[in-house]
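Residue strings, one per chain:
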Amino acid sequence: MNIGEIKAAHKQVTRWEYQPGRIDKGYNDRTLHIDLTTNKITEKPVTALMKDKFVGGKGFGLYLLWHATRPQTKWNDPENEIIISPGPCAGITQYAGAGKSLVVSISPQTGGIMDSNVGGYFGPYMKFSGFDAIELQGKAREDVIIVIDGTTNSVTIETAPKEAIDSHVLAEQLTEMYAKDEKDKMNVAVVSAGTAADHSLIGMLNFSFWDPRRKVARLKQAGRGGIGTVFRDKRIKAVVCKTTGIKPNWNNVVDLNAIVERGQRFQKEIKELDDKQCEMRDKGTAHLMEIMDAYDLLPTTNFRFGKAADIGEDINKIHSNVLKSLFNLKWRDLDGCWFGCAMSCCKAVDGFELKTGPYKGHKVTVDGPEYETAAGLGSNCGIFDPLHIIEANFYCDTYGICTITVGTITAFVMECYEAGILNKDRTGGLELKFGNSAAALELIHQMARGEGFGAIAGRGAEYMKKYFADQGWGDRQFLSDIAMVNKGLEYSQYMSKESLAQQGGYAMTNKGPQHDEAWLIFMDMVNNQIPSFEDKAEALYYFPMFRTWFGLCGFCKLPWNDVEPENNREKYPPKEAAKVPEHVDNYLTVFKAVTGRDLDRDGLIRMSARVYNFQRIFNIRRGYGLRANDAQPYRACGPVTKREYESRQERYDKQLVDWMGMTPEAVAKMTIEEKMAAHRTYRTDRYEKLLDAVYKRRGWTRNGVPTIAWLKELGMDLPELLEVVTPLQ
Amino acid sequence: MKGKITVNDQVIDWRDGMTVSDVLTVMNYTFKLLVIQIDGKNVKRDDWPTATVPEGADVKVIHLMSGG
Ligand code: SF4
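This is a predicted model, so every value here is computed, not measured.

Asks: When you look at the site of the ligand in this model, what are you seeing that I'm missing?
Replies: Taken together, A:Gly97, A:Lys100, A:Asp335, A:Gly336, A:Cys337, A:Cys341, A:Met343, A:Cys345, A:Cys346, A:Cys556, A:Leu558 and A:Pro559 make up the full set of residues adjacent to the ligand. By residue class, the composition of the shell around the ligand is eight nonpolar, two polar and two charged.

Asks: It is not clear to me how the sheet that holds strand 1 (residues 12-17) of chain A should be interpreted in this structure. Could you clarify?
Replies: Strands pair in a sheet through their backbones, by hydrogen bonds, and they do so in one of two ways: parallel or antiparallel. All names here are of chain A. Spatial ordering of the open sheet is given by 1-9-8-13-10-11-12, a layout of seven strands whose pairing is mixed. Two strands bound the open sheet, and with one partner strand each, they are strand 1 and strand 12 (216-222). Each neighbouring strand pair of the sheet contributes to a mean axis angle of 20°, computed without reference to strand direction. The strands touched by helix 5 (residues 167-178) within the sheet are strand 8 (144-149), strand 9 (154-159), strand 10 (188-192), strand 11 (205-211), strand 12 and strand 13 (236-242), with strand 10 carrying the most contacts at an inclination of about 145°.

Asks: Would you mind showing me how to read the domain arrangement of chain A here?
Replies: All names here are of chain A. Under the domain assignment used here, chain A contains domain 1 (3-242) and domain 2 (274-490). Computed from C-alpha coordinates alone, the two centres of domain 1 and domain 2 are separated by 27 Å. Contacts between the two partners involve 45 residues from domain 1 and, on the opposite side, 43 residues from domain 2. When the two sides are added together, the surface that domain 1 and domain 2 hide from each other amounts to roughly 3500 Å², 57% of it contributed by carbon and sulfur.

Asks: How should I be thinking about the state of the cysteines in this particular structure?
Replies: All names here are of chain A. Taken as a whole and assessed by the stated rule, the structure comprises zero disulfides over all chains. Cys241 forms no disulfide, and the closest cysteine sulfur to it belongs to Cys337, at a distance of 16 Å. Classification of Cys337 as buried rests on a relative accessible area of 12%.

Asks: Help me understand the packing of helix 14 (residues 403-418) of chain A against helix 16 (residues 437-449) of chain A in this model?
Replies: Residue and element names in this part refer to chain A. Following both chains from N to C, one finds helix 14 and helix 16 inclined at 120°, their axes separated by 11 Å at the closest point. The angle between helix 14 and helix 16 places the two elements in the oblique class. As for the relative orientation of helix 14 and helix 16, their crossing is right-handed in sense. In this structure, helix 14 contributes Val406, Ile409, Thr410, Val413 and Met414 to the contact, and helix 16 contributes Ala440, Leu443, Ile444 and Met447. A class-by-class count of the residues in the contact of helix 14 with helix 16 yields eight nonpolar, one polar and no charged.

Asks: In this structure, what is going on with the interface of chain A and chain B? I would like to understand it.
Replies: If you look at the interface, chain A gives 30 residues, while chain B gives 23 residues. In total, chain A and chain B occlude about 2400 Å² of area from one another, counting both sides; carbon and sulfur atoms represent 56% of this. Three residues, A:Tyr295, A:Asn527 and A:Arg569, lead the burial of chain A against chain B; their summed loss comes to 25% of the area buried on that side. On inspection of chain A and its partner chain B, the count reaches one salt bridge. Note that A:Glu279 and B:Lys32 form a salt bridge whose closest N and O atoms lie 3.2 Å from each other. For the interface between chain A and chain B, the tally reads eight residue pairs in polar contact (both at pLDDT 80 or more). At the level of elements, helix 10 (289-294), helix 21 (521-526), helix 22 (533-553), helix 24 (568-571) and helix 25 (574-577) of chain A are the ones that each hand at least two residues to the side of chain A that touches chain B. Sort the elements by how many residues they give to the side of chain A that touches chain B and helix 24 of chain A lands first, with three residues. For the side of chain A that touches chain B, the per-class residue count stands at 13 nonpolar, eight polar and nine charged.

The rules behind these values
- Residues numbered from 1 in each chain as written.
- Chains lettered and ligands numbered in written order.
- Predicted model: local features only at pLDDT ≥ 70, side-chain atom pairs only at ≥ 80, totals over all residues.
- Heavy atoms only, no water.
- Near = heavy atom within 4 Å.
- Nonpolar A, V, L, I, M, F, W, Y, C, P; charged D, E, K, R; others polar.
- Pairing = 2+ DSSP bridges.
- Helix = DSSP H or I, 4+ residues; strand = E, 2+ residues; numbered from the N terminus.
- Axes fitted to C-alpha atoms, helices over the stretch in contact; angles between N-to-C directions.
- Contact = heavy atoms within 4.5 Å.
- Domains from an automatic or database assignment.
- Buried area = accessible area lost by both parts, 1.4 Å probe.
- Disulfide = S-S within 2.5 Å.
- Buried < 20%, exposed > 50% of the residue type's maximum accessible area, 1.4 Å probe, protein only.
- Parallel < 35°, antiparallel > 145°, perpendicular 65-115°, else oblique.
- Left-handed = near helix turned anticlockwise from the far one by under 90°.
- Salt bridge = Lys/Arg side-chain N within 4 Å of Asp/Glu carboxyl O.
- Polar contact = N/O pair within 3.5 Å; in protein donor to acceptor, adjacent residues only side chain to side chain.

Here you go:
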């Protein structure tokens, strides 16, 4: 079907015109609200309080969602919203990694507040079109697209019966439909989901960016927590934003020269040092594959082991050099997901011929795989085949489901299969053994069709662990131990067993176990830099606040510490060097240069702490966000099975002596079961102590509730927050 | 400590002429963003292949964060 025919089937539901925006110091000072039930489109002012206390990005998302919903609102109630907000610094092109948006919604998986950060052009284009955030509320009666047209200052809702749903097709259809000509495709950005988002709780959103060299709409993902499912539940096929083209100072910043100067300095570092350091331009985050394996951190067969060799596999099969050889590096330094990002880490495999599914035989461009994807869909499922990883990566993306989540779900069901909890009868014929690529791919296709065992798996590991136990298929405790899920969200792809700080970095995270708040494994486990509970608590205070800040402003976290100035390590003591002080200074300078707001490092931390505590209290308002919700599955903390213990027996036995004060003679007399029980008691208790230390450092009660005194100190003693926390003090 | 050195609080065997690069190999430290200190003194990256580690030294191999 050609684009003309598809477009001819559109019926305009409503059209709304607005006064052109003028961005001042990074803000339009208004947001866009779209109610799909009533088809009413309105604009709202951005208040001084919003800018002062919530900044933008995730802060705006949380603030708007709080006021749009009730504590009882469910993910699929019409009043739930999806909010996309790019932040005040988003859209500048002179400093690397400044095009990120934050997407916020009530999650179908967790019931709590989900946030997901994403690149692509939509967020900045929406800002250039006149809005600092968009709220999508209500539910359409039929499939619609929303078009924000910054070239005509209009927003339309149109029925869209004939477009594809899968993102790789839909993003291109809509890019072609709304671009005037080939050159204008750069000015069109599309947000879409996919067919699996229709049939699962793990849907994600793709944000496009047109690649004029490859002539394809590339896709970046707001992956975690099922926001794509909310999107499709609202019957939105896509949101399109069209702009007139990039202008050098569209954000109307206070001091462009300062940004240019810092930007050029950073670019020079990338140019001179990236090849010697992380090779982001050659490999993206996939450079971590063999490194994680070397440090016993690569999740292998459902987080049982940290190395390929543990299951007789060879890491070299999925070594970053193998992935690099599959990437098309012809435009290596132009693979940025936003203009001006010299880190250019969005690698792609071109001309990849699909072997399965509805697009079998098609040659496609696949975005990625990034580290998380390759570890999740590959090693964690016992599949050490790069072509499998790329195919599964492609289908997850186009079907609109999160690769990290699918990886952890598949790994879980594979362990269940091998443990006899599942069998062919229960999976509808899928032989979901570790390493079975065909079964893993078929599971993904079933998720997209909403059929068979895929329909069950698409509900997530939290659902499955209960469902399997309710059916009498397996032991409830064992299932809870091995389902790598906390707060209803699946873990991302790092082993945390030997890093207590990382266990906290995962399970204390507001949205659920994603590594983007705090990645402390090296600092804790390898360097032994934060030995005491207080040291760990300090790190678990500082790093989440720092990372939260990126999501308030519109920055990508990768340019912060995936390259470091040449003299960083000579100039600063190690703990300080880890924070890359010169890059922190760049961010403070750029923030001030955009907004005119003075900011120092302490101010940055406080800025984030306000929003971080707000999100915690938002979860508490909804019945979550307490100590019980920060519990972790035992697999994240220690060896669940005998085989895991035996694989690291020397280490674990030594810990019985070093940590628990047993004598070597006593250890020698213990059975494996006794040793495992001792570890479990010790490790579980240690995690509880960590919770105590972190809560104290974060200004929370022992139950994880922000104290009134702390909120006052932060200037966050807003009446609506005090109403929630006061009865819980 | 006779015949030993400490690397990130772990005691390992030392041998005569052992260089910083040798220590990295023994420890399987393949990550690139490292700060290395021998008894509190930084060793520059260019010197890793030649700088020798004295017996009984306290070696810190600090891995900076990236990824994640
Ligand atoms: S570092 Fe990578 S993910 Fe971040 S903005 Fe640049 S290209 Fe995008």
